[in-house]
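Reading the structure
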Amino acid sequence: MSKTKLEQLREELDQVNLEILDLINKRGAIVKETAQAKENYGADKKYDPVRERDMLELIKKKNDGPFKNATIIHLFKEIFKAGLELQEKDYSKELLVSRKRKTEDTIIDINGAKFGSDEPRFIFGPCAVESYEQVAQVAEQIKKKGLKIIRGGAFKPRTSPYDFQGLGFDGLKILKEISEQYGLAVVSEVVSPADVEKAAEYLDVIQIGARNMQNFELLKAAGEVNKPIVLKRGMSATVSDFINAAEYIHSRGNGEIILCERGIRTYETSTRNTLDITSVPILKQETHLPVIVDVTHSTGRRDLLIPAAKAALAIGANGIMAEVHPDPAVALSDAQQQMDFDQFDQFMSEVVEKK
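Let me begin by describing the structure that accompanies this report. (Residues numbered from 1 in each chain as written. Predicted model: local features only at pLDDT ≥ 70, side-chain atom pairs only at ≥ 80, totals over all residues. Heavy atoms only, no water.)

Observations concerning the pairing of strand S3 (residues 121-125)
For the record, the criterion: The cut-offs for exposure are 20% and 50% of the maximum accessible area for each residue type, with area from a 1.4 Å probe on protein chains only; residues under the lower value are buried, those over the upper are exposed, and the others partly exposed. Helical segments are the DSSP runs of H or I of at least four residues, strand segments are the runs of E of at least two, and each set is numbered from the N terminus. A pair of strands counts as paired when DSSP detects no fewer than two bridges linking them.
Counting buried residues along S3, four of its five residues qualify, which places the element largely inside the surrounding structure. Inspection of the sheet shows S3 paired to strand S10 (residues 319-323) by five bridges, in the parallel sense. The residue of S10 that forms the bridge with Ile123 is Met321.

Given below as structure tokens:
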């Protein structure tokens, strides 16, 4: 083959490549229009396996070679996949929580502590409200350290029905009384949509726990109250699941949402859960919401709280949540993972004061 012929063939290939590129981009534009048409029609604009099968069957019928059907199908499946990703990217622009929808960070002021600002914020308190005296002791320590917020569980969704389930509204009343005495804001979990409005009378921040991240009626109810929400990631939830759970809240009018990474369930047993530390920058890239890390539930180990907190702040978390108890050995829940007051002092010294 002459050099001239080779150059001619190469030029033809370059031209065909450009024609393919043009057709792929044309197909992408049609895919986007199709997604919009589906939405206007009220249909689901996501993956349609029947439609994909029909398209692939037509392609196989028209394939005259030289490529085998398996090769052609593989190539077109990649093109189809790219089209789906294009639709997903367009869909993300529509989300109220999306960074593409709002480029600036959302800042949520809780009793003077601004979550989402450059300054890391902290939420401490016992796993569960057990008594007035117990919560008062913790509140005193929190106040003494110049912090603004106390957490405590009054409704405790537990894996076993025989474990301590919390004091309910009596626990919220204790939190409310002590918070007023010490000038602290209160964070506590609500587990039932029917309780949200009443609980809001006692709380400054409503927490939705990991086991309720996809309790959609609860998310809707939380979206209809004028209170900041701490939304914890479900133990088996993807980042996309997590973001869409936040969207449920925002779609009902409440955009004051703090996302809380608290570890996911994996095969690893050396910690209670596996702290998905890389979810922090991903969530901050994909959304405009503040992101904090619960180092207590993610690790389940007191000896890992300080390094986990340091790692979370180093990777960009807007704050840390951790549990403190006057005497963890006698705690009614999660005794092995709560800090006592000496450990709380050490945590403050190594994490908060050196941040």
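Some words on the nonpolar core
Side chains of nonpolar character tend, in soluble globular proteins, to be buried together. We count it as follows: Side-chain atoms within 4.5 Å link the members of a nonpolar core, which is a set of buried Ala, Val, Leu, Ile, Met, Phe, Trp, Tyr and Cys residues. Every residue pair with non-hydrogen atoms within 4.5 Å of one another is taken to be in contact.
Counting residues in each nonpolar core, the largest one holds 70 residues, and the members touching the most others are Phe124, Leu172, Leu231, Leu259, Ile320 and Phe347. The contact partners of Leu259, leaving out residues within four places of it in the chain, are Leu231, Phe242, Ala246, Leu283, Thr287, Leu289, Pro290, Val291 and Ile292. One finds Ile108, Ile110, Val205 and Val230 within the second-largest nonpolar core, a separate group that totals 14 residues.

Considerations on the environment of Ala113
Mapped onto the secondary structure, Ala113 falls in strand S2 (residues 113-115). The spatial distance from the C-alpha of Ala113 to the C-alpha of Ile149 is 8.2 Å, given a sequence separation of 36 residues. If sequence neighbours within four positions are ignored, Ala113 has contacts with Ile108, Arg121, Lys148 and Ile149.

Here's the deal with unusual backbone geometry
Excluding glycine, residues mostly have negative phi values, and the peptide bonds linking residues are mostly trans. The residue after Gly65, namely Pro66, is reached through a cis peptide bond having omega 10°. With respect to the element layout, Pro66 can be found in the loop between helix H2 (49-62) and helix H3 (69-94). Here the phi dihedral of Asn111 falls at roughly 55°; this positive angle occurs in a residue that is not glycine. With respect to the secondary-structure elements, Asn111 resides in the loop between strand S1 (108-110) and S2. Among the residues examined, Asn111 registers a relative accessible area of 38% and is labelled partly exposed.

Describing the packing of helix H4 (residues 132-144) against helix H5 (residues 169-182)
For any two helices packed against each other, one specifies the inter-axial angle together with the distance between the axes. Definition in use: Axis definition: a line fitted to C-alpha atoms, limited for helices to the stretch in contact. Angles are taken between N-to-C directions and run from 0 to 180 degrees. Throughout, a crossing is termed right-handed when the near helix is turned clockwise from the far one, and left-handed when it is turned anticlockwise from it by less than a right angle. Side-chain classes follow a simple rule in which Ala, Val, Leu, Ile, Met, Phe, Trp, Tyr, Cys and Pro form the nonpolar group, Asp, Glu, Lys and Arg form the charged group, and the remainder, Gly included, forms the polar group.
Running from amino to carboxyl end, H4 crosses H5 at an angle of 35°, the nearest separation of the two axes being 10 Å. As H4 packs across H5, the resulting crossing turns out to be right-handed. In this structure, H4 contributes Tyr132, Val135, Ala136, Ala139, Glu140 and Lys143 to the contact, and H5 contributes Ile174, Leu175, Glu177, Ile178, Gln181 and Tyr182. Here the residues of the contact of H4 with H5 sort into eight nonpolar, one polar and three charged.

What about the packing of aromatic side chains?
Selection criterion: For Phe, Tyr and Trp, rings pair up if their centres lie within 6.5 Å, where Trp contributes its six-membered ring, and each pair is then called stacked (planes under 30 degrees apart), edge-to-face (over 60) or tilted (otherwise). For a ring to carry a charge above it, either NZ of a lysine or CZ of an arginine must fall within 6 Å of the ring centroid while also lying within 35 degrees of the normal to the ring plane.
Considering all chains together, one arrives at seven aromatic pairs under this definition. Residues Phe155 and Phe169 carry aromatic rings whose centres are separated by 5.2 Å and whose planes lie at 80° to one another, so their mutual orientation is edge-to-face. Taken together, the positions of Phe155 in the loop between strand S4 (149-151) and H5 and Phe169 in helix H5 put the pair 14 residues apart, joining distant regions of the chain. For Phe155, a relative accessible area of 13% puts it in the buried group. Among the aromatic residues, those joined into a cluster by ring pairs are Phe122, Phe124, Phe344 and Phe347. Sitting over the face of the ring of Phe344, Lys145 holds its NZ or CZ atom 4.6 Å from the ring centroid. A cation sits over an aromatic face here: Lys198 above Phe169, 4.2 Å from the ring centre.

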